[in-house]
Amino acid sequence: MAKMWAGRTDGITDKMADDFNSSIHFDSKMFRQDIKGSMAHAAMLGFKGIISQSEADTLIGGLEGILEDLENGSLQFDMTAEDIHMFVEQELTLRLGDVGKKLHTARSRNDQVALDIRMYLRDEIDEIVSLTRRLIDALVCRAEEYKSVIMPGYTHLQRAQPITFGHHLMAYCMMLLRDLSRLSDCRKRINLSPIGCCALAGTTYDTDRYFEAEKLGFDGICMNSLDGVSDRDFAVELMAAISVIMMHLSRFSEEIILWSSWEFKFIELSDSFTTGSSIMPQKKNPDMAELVRGKTGRVFGDLFGLLTVLKGIPLAYNKDMQEDKEGVFDACDTVKSCLEIFVGMIETLKAIPENMKKAAQGGFINATDLADYLVKKGLPFRSAYKISGQIVSYCISEGEVLESVTLEKYKEFSPLFEEDVFDEISLETCVNKRISVGGTSVSSVEAQIEYVKAELSK
Ligand code: ARG
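This one's a predicted model, so the numbers in the text were calculated from it and none came from an experiment. (Residues numbered from 1 in each chain as written. Predicted model: local features only at pLDDT ≥ 70, side-chain atom pairs only at ≥ 80, totals over all residues. Heavy atoms only, no water.)

(A) Representation of the pairing of strand β2 (residues 158–164). Relative to β2, strand β1 (residues 150–155) runs antiparallel, the two being bridged by six bridges. Looking across to β2, one finds that Pro152 is bridged to Pro162. (Pairing = 2+ DSSP bridges. Helix = DSSP H or I, 4+ residues; strand = E, 2+ residues; numbered from the N terminus.)

See the structure below:
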């Protein structure tokens, strides 16, 4: 069958070229947006008298019918159609006859596809935001529960200072709050309407771009028609924001994987979010976390794919741009599934406080507090640091820990040591003295929880 655009050519294309050119197998995902965009367009054409009001109503009714039939499954996509835009128009004309052919007045597939993607991604952002918020809620809940459970805090993956598990979990809440703010910033730039830019240069018809923008819930319109049809910055931005979310989830996954290993055993993942091995009966594998870490690579690839597609193409529309969709759809689908899996994993994991505490007791994690003790007794920090280092070195050679050294021995290192040193270097004191804003004490973590809750309710 000849193409709808037959005219300049006979519209008869090679089957292989058709398959290569066609995007319906992925852009059919945007059928709702495409149809709603067309309804607004038909309404504008009627409102401005470019077509009659009754023709506009007929078009809108026809489009409504197509939407309904696609939703309830009584209409299937024609996979031989070039893309979703052609499919809807072809179906409309099939149902309405010649009036269907009036829909494409004063627009082009170039502004139509830009409109559809913006509308689609706007909806996706809303879903990603709500899943991110759910994950923050789950984390806040677990942080409340574990706000006084002591674990080692690390730098260089070496035990550094004692912190609480609640404090650690709250760090991820802060990252996810920034992710929310990046998403909402990106949404502002997505939410501008390109419809009416037409092929590239605008139109001679007396259209009303603001009418369509308002009908479709946009905050404004793209102000240059060349830019309106060739801008995909918003998809790049969204994928960048999603990549940062994935990077956060991937770091978290790495910790979950480490923590659930026998070497750490800080947490136990629920059976419902782990897998077994087909050969090793003892295995309980953190596959979900590993998959999130792995999928992060794919999402970074999606971002770089689009940046690379865009970097060499002249204004305005080029068919290269059809390559924008699969990557951005994949990034959205992937981050949504990863966020969802994370909510489940976080809600069901169990901390093992004894093991966390045991790990915090080794490794001289309170050596900084020992030095601070001497500082409080009047020694300059550098001297206190040196003495503490000597005590640590003594402990290592004697197989002792700071808590097991006698007061007499302490006094050999410095006469400033008194009985109160033992209380000062207990892990509970080390944690609960850190009352600085953002610190690890129970009261500081409680303040962080309040802060996050307040941010979420804004
Ligand atoms: N399927 C195309 C895309 O995704 C729609 C726009 C086609 N425009 C054109 N002039 N061929 O980009």
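Next, the rest of the story.
(B) Looking closely at the packing of aromatic side chains. Counted by the stated rule, this structure contains 15 aromatic pairs. Measuring from ring centre to ring centre gives 6.1 Å for Phe381 and Tyr385, while their planes differ by 50°; the resulting arrangement is tilted. Of this pair, Phe381 and Tyr385 both sit in helix α15 (residues 381–398), separated by four residues, roughly a single helical turn. For Phe381, a relative accessible area of 37% translates into the label partly exposed. Consider the rings of Tyr410 and Phe417, whose centres lie 4.7 Å apart with planes at 45°: the pair is tilted. Comparing Tyr410 with Phe417, the two get one shared label, buried. Every member of this aromatic cluster is reached through a ring pair, and the members are Tyr373, Tyr410, Phe417 and Phe422. Taking the ring centre of Tyr385 as reference, the NZ or CZ of Arg382 above it sits at 4.9 Å. (Phe/Tyr/Trp six-rings, centres within 6.5 Å; stacked < 30°, edge-to-face > 60°. Buried < 20%, exposed > 50% of the residue type's maximum accessible area, 1.4 Å probe, protein only. Lys NZ or Arg CZ within 6 Å of the ring centre and 35° of its normal.)

(C) The arrangement of unusual backbone geometry in detail. Note that the residue after Leu315, namely Ala316, is joined by a cis bond; omega there is -5°. Tracing the sequence through the fold places Ala316 in the loop between α11 (287–311) and α12 (324–348). At Ala106, a position not held by glycine, the phi torsion is positive, near 60°. The residue Ala106 is located in the loop between α5 (84–96) and α6 (109–145) in this model. Take Ala106: its relative accessible area is 8%, and that puts it in the buried class. One non-glycine residue, Leu157, lies in positive phi territory at about 55°. Positionally, Leu157 belongs in the loop between β1 and β2.

(D) Summary view of the site of the ligand. Surrounding the ligand, one finds Ser23, Asp27, Asp83, His85, Arg109, Asn110, Val113, Tyr317, Gln322 and Lys325. A distance of 3.0 Å separates a nitrogen atom of the ligand from a polar atom in the side chain of Asn110. One of the side-chain nitrogen or oxygen atoms of Tyr317 is found 2.5 Å away from an oxygen atom of the ligand. Summarising the interface, the protein chains cover 87% of the accessible area of the ligand, which totals 340 Å² for the free molecule. The element that contributes the greatest number of residues to the shell around the ligand is α6, accounting for three residues. A class-by-class count of the residues in the shell around the ligand yields two nonpolar, four polar and four charged. (Near = heavy atom within 4 Å. Polar contact = N/O pair within 3.5 Å; in protein donor to acceptor, adjacent residues only side chain to side chain. Areas by Shrake-Rupley, 256 points an atom, 1.4 Å probe, with all protein chains shown as cover. Nonpolar A, V, L, I, M, F, W, Y, C, P; charged D, E, K, R; others polar.)

(E) Spotlight on the packing of helix α10 (residues 233–259) against α11. Between α10 and α11, whose axes approach to 8 Å, the crossing angle comes to 160°. The orientation of α10 with respect to α11, classified from their angle, is roughly antiparallel. Relative to α11, α10 is oriented so that their crossing is left-handed. In terms of residue class, the contact of α10 with α11 is built from 18 nonpolar, four polar and five charged. (Axes fitted to C-alpha atoms, helices over the stretch in contact; angles between N-to-C directions. Parallel < 35°, antiparallel > 145°, perpendicular 65-115°, else oblique. Left-handed = near helix turned anticlockwise from the far one by under 90°.)

(F) Broad picture of the pattern of salt bridges. In the structure shown here, the tally under the stated rule is 36 salt bridges. With a shortest N-O distance of 2.9 Å, Asp69 and Arg95 are connected by a salt bridge. Residue Asp69 is found in helix α4 (residues 53–71), and its partner Arg95 is found in helix α5; the two are separated by 26 residues along the sequence. Among the residues examined, Arg95 registers a relative accessible area of 35% and is labelled partly exposed. When the shortest N-O distance is used, the salt bridge between Asp420 and Lys377 registers 3.2 Å. Highlighted residues: Asp420 in the loop between α16 (407–413) and α17 (421–424) and Lys377 in the loop between α14 (367–376) and α15, separated in sequence by 43 residues. Owing to a relative accessible area of 36%, Asp420 belongs among the partly exposed residues under this scheme. Here Lys377 falls in the partly exposed class, since its relative accessible area comes to 32%. Each of Asp369, Lys376, Glu424, Lys433 and Arg434 takes part in one network of salt bridges that share partners. (Salt bridge = Lys/Arg side-chain N within 4 Å of Asp/Glu carboxyl O.)

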